[in-house]
Every structure is written in C-alpha cells, then in structure tokens.
Amino acid sequence: MDTQTTEKGGLKLLMVIGTAWLFDAADVALLSFIMPLIKKEWFLNDNQIGLVSSITTVGMMFGAILFGYLADKFGKKNIIIITLLIFSVSNLVLALTTNVEQFMLVRFITGIGLGGELPVATTIIADSFSGHRRSKMLILVDSFWAIGWILASLLAFLFMPLYGWRFTVIATSIMALYTLVIRRHLPEQTNVKNKRLNLRIALNEIWSKKYRRATICLSILWFIIMFTYYGMFLWLPSVLIKRGFSVVHSFGYTLIMSFAQLPGYFLAAYLMGKLSRKRVLGIYLVGTIIGAFLFGTAQNVFMVVFSSCLLSFFTLGAWGILIALTPTQYPMNIRGVGIGFTQSIGRIGATIGPYLIGFSLSINLSISTIFFYFVGSLIIGILILVFGMVDNDQKNIQIEN
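These numbers were taken from a predicted model, which means no experiment stands behind them.

Peer 1: Any chance you could explain the overall build of the chain here in plain terms?
Peer 2: Assigned secondary structure in the chain consists of 16 helices and 0 strands. Relative to the globule expectation of 21 Å for 401 residues, the C-alpha radius of gyration of the chain, 20 Å, shows essentially globular dimensions. By its C-alpha atoms, the chain is 55 × 45 × 40 Å across when sized along the principal axes. In the chain, which comprises 401 residues, the proportion classed as buried is 59%. Counting only contacts in the chain whose residues sit at least 6 apart along the sequence, the fraction spanning at least 24 positions is 85%. Carbon together with sulfur atoms contributes 70% to the accessible area of the chain, which is approximately 16200 Å² in total.

Laid out in structure tokens, this is it:
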C-alpha cells in the first residue's frame, strides 16, 4: 500500500512525532550534563561514570528490537505511547535515586523506552509517506533532535544551577502527559496490527535472501554512524579540556554546536529530491571525515569551534539520511523489526565508541591518533555504501504491502 498524506496532515504528523523526538533528545543530552554532578555527589570514579554513560545505550539496544517487533505486531500507535510512558515515568523515578546502582537501573529502563520509541516513530513516518517526500519527512523529524539538545542546554545552564538535577529530570517527565496528544492526534492508519507475527519468523525474514544484503549493510552503517557520533560527542568536552580549551564549558559553545546541526538536516532534506540518498549520505560521510580530521589537528579556538560545527552539521545530517534510507529497505509488515534490529547493532557501536576513546586517552595516545579511528571507520562506511548498499526507492521497487 503506497500511503499518501495530505500537506496539512503531513505537517501535523511531523509536529506530533517530532515533539516526541525532541523530548527523547533532551533526555539523552541532559544525561551528559548530569554526570559531572552525580560524580561529585556520590564520589564516583571514571570507570563508574563510564558505566553510567553506557547503560542507557545498552537499554536502547534491547528496546529497539523488542518494541520494533511489538509495533509490527500490535500497532505503532499503541506501542509508541507505551515507550513514551516508560521513559517519562522512569525519569520521575530517577529523581528519587540515592546511589549510582539505583541510578543505573533506572537509566537502563529509560533506555529501553528510548530505544523503542525511536524506531517506532520512524516507522510511523515511513508508513505515512512515499518517495522523496518520505525521505524529506524522515530527515525533518530527525531535525527535532537538535532542538531537543538546545532545550537540554537551556535547562542545564539556566534551570539546573538553581534547582538541581533532580528537579530538572522531574520537569522532563511531563512527557507522560504528551502521550495524551499522541493518542488523540496519530491517525488510525498507524495502528495496523499483525497479531500473528512471530519475532523469530520476522528476524528470519529480514535475514532471508531477499533482505540479507540490506540488513548487513544497514547494520554496519548504523554501527559506524553511532560509533562516530557517541564516540566523538560524548568525549568532545574532555578532549577540549585536555587541550586547554575551556570554551567547552561556555553556554555559547554548547548552543553553537546544537544550532549547527539544524542546517545539516535542512540541506539533507533539500538534497533528497535532487540526488539519490546514497549519494547524499556519501557526501555527508566525507564531510564528517573532514570535520574529524580538522578537529583532531585543531590548534586554536577558532578551528576548534569551526571543526566542531562541521562535525555537528555532517554527523547529525548523516544520521538523518540513514534514517530516511533504512525504512524503505523493508516491507511495512516487518519494517519495525528491520529498523529496530539494525539500529540495535548500531547501539553496540554507541557503547564501544566512548569506551575506546576513554581507554586510548588513559594510555596517552594522541588526540590526532584517536580521531583517526573515526576517519578509518567512516572510510569503511563509504565503501559499504558505494559497493554494498542498494537503494530500493531509487530502483523504483515497490516494497509496500
């Protein structure tokens, strides 16, 4: 079924799903601002902080597969409401934690909700549009991630110093109320159910001869994108401080980094109708390589800020393009499983990236050397994209049921 959505209905759907995406991003971003505070409050060492930073990602890994499957089985509308409630209520509980063990347990549960919400939201947009319009809408909904980071920055710099991290996460738990908006405004076409769907059969299907190549290529690409994004961006502040650039602590730097993401998304959405998605993704991967190289060799504040903006522009844009590419590789009845599985493989990269940088810094490897990890992985990604990935929409293959 090739589903068409009116302009008015499409904008409404974009805003409804985009707002949910915004709150997800704010939650992830706030964790990076909270970690230094709990490190001081609970006297945590670097290893414990490393576990705190990765436990949400581990939860997201499980949530992506589980809720991607449940969305295909019981309807996207029902499942996205459940995932939003999970991570919203868990944030409320997070404010009550008294030690790092409790904090990590709650963040793992939060990650399950977050990891489930993102692929389900993606499938809702993918099922509601077609062709180039679908690609543009998927990238535009992902652009709300940047707005979420901006919101988190405002909370961290303006609200958190006055009221503390506990009241800040309580404020974000109002997302639970947003589920009422989701329930009311998502069209019923997003609640198609396939109760006879079996997880083992669905996984076998995405690994069948017809979809195996796409599953392998997308899994590798998601691994590389998340390895690069989380590896670089979770450690950028520490790397900058190590090099003597205290600008990283400034509110202005954080906002510039966040705002730099938006034109990256918008340009990618514009290029969707001009070039193939493979070519656009290739351009953005090359841009990320250039940004990583310039950052790794930057010697002054201007180059640090400039290269950081390039990284934000191209890395997040590449993420959005991959979100646009992934759903079209699978038919509607197994789309949630396909997206959830490939993104869960990406979460492995998101876990490895930060640990690899932390270990490399601990053995005194140079920052330039460390950033060549990402240059090398991105080159592999370009090779996979060029020689392995097939863009079904560009071949005009009808894969909808």
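Still to come is the rest of the account.
Peer 1: Would you explain helix α15 (residues 335-362) in this entry?
Peer 2: An α-helix turns once every 3.6 residues. As a result, residues three or four positions apart point the same way. With 28 residues, α15 extends 41 Å from end C-alpha to end C-alpha; this agrees with the ideal 40 Å at 1.5 Å per step. Of all 28 residues that make up α15, 20 are buried, and the element is covered over most of its length. Once α15 ends, the next one or two residues include Asn 364, with phi positive near 65 degrees.

Peer 1: Sorry, what's going on with the environment of Asn 198 here?
Peer 2: Mapped onto the secondary structure, Asn 198 falls in the loop between α7 (175-185) and α8 (199-206). Separated by 183 residues in the primary sequence, Asn 198 and Gly 381 place their C-alpha atoms 32 Å from one another. From its side chain, Asn 198 meets the backbone nitrogen of Arg 200 in a polar contact 2.9 Å long.

Peer 1: So what exactly am I meant to see when it comes to the nonpolar core here?
Peer 2: Grouped together as the largest cluster of nonpolar side chains are 131 residues, with contacts concentrated most on Ile 17, Ile 80 and Trp 145. There are two domains that each give this core at least three residues, and those are domain 1 (9-184) and domain 2 (199-390). Apart from residues no more than four positions distant in its own chain, Trp 145 is found in contact with Trp 21, Asp 24, Ala 25, Val 28, Leu 118, Tyr 229, Gln 261, Tyr 265 and Leu 316.

Peer 1: Got a minute to help me understand the domain arrangement of the chain in this structure?
Peer 2: A common way to express how large an interface is: the accessible area buried when the components associate. When the domains of the chain are assigned, the result is domain 1 (9-184) and domain 2 (199-390). Of note, the centres of domain 1 and domain 2, computed from C-alpha atoms alone, are 19 Å apart. Contacts between domain 1 and domain 2 engage 39 residues on the former and 42 residues on the latter. Each partner contributes to the roughly 3700 Å² buried at the junction of domain 1 and domain 2, and carbon and sulfur atoms together form 72% of this total. Connecting domain 1 to domain 2 are 1 salt bridge.

Peer 1: Before we go on, may I ask you to explain the pattern of salt bridges in this structure?
Peer 2: When charged atoms on two side chains of opposite charge get close, those side chains can pair. In this structure the tally under the stated criterion is 5 salt bridges. For the salt bridge of Asp 127 with Lys 76, the shortest nitrogen-to-oxygen distance reads 3.2 Å. Remark: Lys 76 occurs in helix α3 (residues 76-94) and Asp 127 occurs in helix α4 (residues 100-128); sequence separation between them is 51 residues. Here Lys 76 falls in the buried class, since its relative accessible area comes to 4%.

Peer 1: Would you mind going over the side chain of Arg 107 with me for this structure?
Peer 2: Here Arg 107 lies in helix α4. The exposure class assigned to Arg 107 is buried, which follows from its relative accessible area of 2%.

Procedures and definitions
- Residues numbered from 1 in each chain as written.
- Predicted model: local features only at pLDDT ≥ 70, side-chain atom pairs only at ≥ 80, totals over all residues.
- Heavy atoms only, no water.
- Helix = DSSP H or I, 4+ residues; strand = E, 2+ residues; numbered from the N terminus.
- Rg over C-alpha atoms; globule rule 2.2 N^0.38 Å.
- Buried < 20%, exposed > 50% of the residue type's maximum accessible area, 1.4 Å probe, protein only.
- Contact = heavy atoms within 4.5 Å.
- Areas by Shrake-Rupley, 256 points an atom, 1.4 Å probe, with all protein chains shown as cover.
- Expected span 1.5 Å × (residues − 1).
- Polar contact = N/O pair within 3.5 Å; in protein donor to acceptor, adjacent residues only side chain to side chain.
- Core = buried A, V, L, I, M, F, W, Y, C linked by side-chain atoms within 4.5 Å.
- Domains from an automatic or database assignment.
- Buried area = accessible area lost by both parts, 1.4 Å probe.
- Salt bridge = Lys/Arg side-chain N within 4 Å of Asp/Glu carboxyl O.

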